[in-house]
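# Report on the structure
Here is how the chains run, residue by residue.
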Amino acid sequence: MDESQRRRPDTLAAQALGALDAVGDGLVPAIHLATTYRRAADNSYPGGRSYARDDNPTFQPPEALLAALEGGAAALTFASGMAAALAVFQALPPDSHVLAPKVVYYGIRNWLSGPAAALGLRVELVDMADPAALEQALRPGETALVWAETPANPTWVVTDLARTAELAHAAGARLAVDSTVATPILTRPIEHGADLVMHSATKYLNGHGDVVAGALVTAQDDDPWQRIRQVRRQQGAVLGPFEAWLLLRGMRTLPLRVRRQASAAAHVAHRLAQHPRILRVHYPGLPDDPGNAIAARQMQGGFGGMLSIALEGGAATAIQVAAEVKLWQRATSLGGVESLIEHRASIEGPSSPTPPNLLRLSVGLEDPGELVADLEQALATL
């Protein structure tokens, strides 16, 4: 075990694994803007780099920090969460059988239901919260990848990672987990058997709403990982140097932000669960949530900063409530310092399986009592 694996997440993040400005010993790493590197007279590259598309030193500190936080062997950053996720699928052999959840981020679902077929992928959506359904859908020797998301957007369904990994591996498949909402502060999927972990780094990892980024972490630096690395190299889906620098800056406060947001979300969820105009609060931290027991076992220190509420009435009622809030911001994203509210079905479009009466809430760093009061006054307008 190296020193980075012995350190606590707070220490790893705050010191960014000791990343420094190599030229002046500054405590903040430098931004490297060069796109190409000089050869020596013998035609070698003395600095070990040839071209910045896949080899910019500004990528290395956030990648190293994320790998350490997740307990993985290596990490790669990408230009977006979608770029990171699709690299996993694009690195699969043609005609691969893939299992993915029925409740999953809509961008992934839309890609799997359309463009994936052009790559020869055979995709099947299953109830990933039901191990029996997963076991029945697996095709031993044929299923190449099981894709899980937990808690899953936008109803925060929880997947039992240890059981899912066991079933996937028994069938000869690899397990990739979208852990954007849990973050490595609350769940480390590799410890539960995952082969890959994906993050939309735009969200909690950056946490300040000023970077679009994605990331992958691997349990092993193996041949499948090298194929993913090759996809990134060939497609050029890399971060710009400034975005990589901003991502590292955001990650240095990740443990503090995530724990505070999880605590605040729990407060909001418990309060709203008692409101007469709310039919249901989707939050794995509530005792009556179907995923509560599993979440309590695999999420350490909180249940995340995301929840959704189902209101009496339909889309018009939900949109009206969102229109009346004062503190919550009506915007599409999650994991930032400011609290966001959105009518999710409007974002996902006519093919969305999201209930029309659902509002998705991303709890930020504001006072949780004031956030609840703001929602209560909005609900009072109905």
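To start, this report covers the structure provided alongside it. Given the structure is predicted, the values throughout are model-derived calculations rather than measurements.

Right, let's get into the overall build of the chain. Within the chain, the secondary structure is distributed over 15 helices and 12 strands. Rg of the C-alpha trace for the chain: 21 Å, near the compact-globule value of 21 Å for 382 residues, within the 12% margin. Expressed along its principal axes, the backbone C-alpha trace of the chain runs to roughly 75 × 50 × 40 Å. Classification of the 382 residues of the chain by burial places 53% in the buried group. In the chain, the share of contacts with a sequence separation of at least 24, taken over all contacts with a separation of at least 6, comes to 71%. Measuring between centres, the 32 positive side-chain charges of the chain sit 3 Å from its 39 negative side-chain charges.

This paragraph deals with the sheet that holds strand 7 (residues 214–218). Strand order across the open sheet formed by 7 strands is 1-7-6-5-4-2-3, with mixed pairing between neighbours. Looking at the sheet topology across the chains shown, the edges are occupied by strand 1 (74–78) and strand 3 (122–126). Across the sheet, the mean angle separating the axes of adjacent strands is 20° when strand polarity is ignored. Note that strand 1 and strand 7 share 5 bridges and pair antiparallel. Counted as the bridge partner of Phe-78 is Gly-214 from strand 7. Across the face of the sheet, helix 3 (residues 60–70) comes into contact with strand 1, strand 6 (196–199) and strand 7 while running at roughly 130° to strand 1. Helix 7 (residues 161–170) contacts strand 4 (143–149) and strand 5 (174–178) of the sheet and is inclined by roughly 150° relative to strand 5.

Burial along strand 11 (residues 340–343) is two-sided: the face carrying Leu-340 and Glu-342 and the face carrying Ile-341 and His-343 are both buried. One ladder, built from 2 bridges, connects strand 10 (residues 329–330) with strand 11; its direction is parallel. Within strand 11, the residue paired with Gln-329 across the bridge is Leu-340. As judged from the 4 bridges shared by strand 11 and strand 12 (residues 358–362), these two strands associate in the antiparallel manner. Within the sheet, the bridge partner assigned to Glu-342 lies in strand 12 and is Arg-360.

This next bit is on the packing of aromatic side chains. Applying the stated criterion across every chain, the model contains 5 aromatic pairs. On the numbers, 5.7 Å between centres and 40° between planes, the contact of Phe-89 with Trp-111 is tilted. Of this pair, Phe-89 sits in helix 4 (residues 81–90) while Trp-111 sits in helix 5 (residues 106–112), and the two are 22 residues apart along the sequence. Assessed through its relative accessible area of 11%, Trp-111 is described here as buried. With a centroid separation of 5.3 Å and an interplanar angle of 80°, the aromatic rings of Tyr-105 and Tyr-106 are classed as edge-to-face. On the basis of relative accessible area, Tyr-105 is assigned to the partly exposed category, the value being 27%.

Another aspect to go through is the nonpolar core. Leu-205, Leu-247, Met-251 and Leu-254 are the most contacted members of the largest nonpolar core, which has 40 residues in total. Going through the elements one at a time, helix 3, helix 8 (183–186), strand 7, helix 10 (241–251) and helix 11 (254–272) are the ones with two or more residues in this core. When neighbours within four sequence positions are excluded, Leu-247 is seen to be in contact with Pro-62, Thr-77, Ala-201, Leu-205, Asn-206, Val-211, Ala-213 and Leu-239. Ranked by size, the runner-up nonpolar core spans 31 residues in total, among them Leu-76, Ala-84, Leu-145 and Met-198.

Criteria and cut-off values
- Residues numbered from 1 in each chain as written.
- Predicted model: local features only at pLDDT ≥ 70, side-chain atom pairs only at ≥ 80, totals over all residues.
- Heavy atoms only, no water.
- Helix = DSSP H or I, 4+ residues; strand = E, 2+ residues; numbered from the N terminus.
- Rg over C-alpha atoms; globule rule 2.2 N^0.38 Å.
- Buried < 20%, exposed > 50% of the residue type's maximum accessible area, 1.4 Å probe, protein only.
- Contact = heavy atoms within 4.5 Å.
- Lys, Arg positive; Asp, Glu negative; His and termini not counted.
- Charge placed at Lys NZ, Arg CZ, Asp CG, Glu CD.
- Pairing = 2+ DSSP bridges.
- Axes fitted to C-alpha atoms, helices over the stretch in contact; angles between N-to-C directions.
- Phe/Tyr/Trp six-rings, centres within 6.5 Å; stacked < 30°, edge-to-face > 60°.
- Core = buried A, V, L, I, M, F, W, Y, C linked by side-chain atoms within 4.5 Å.

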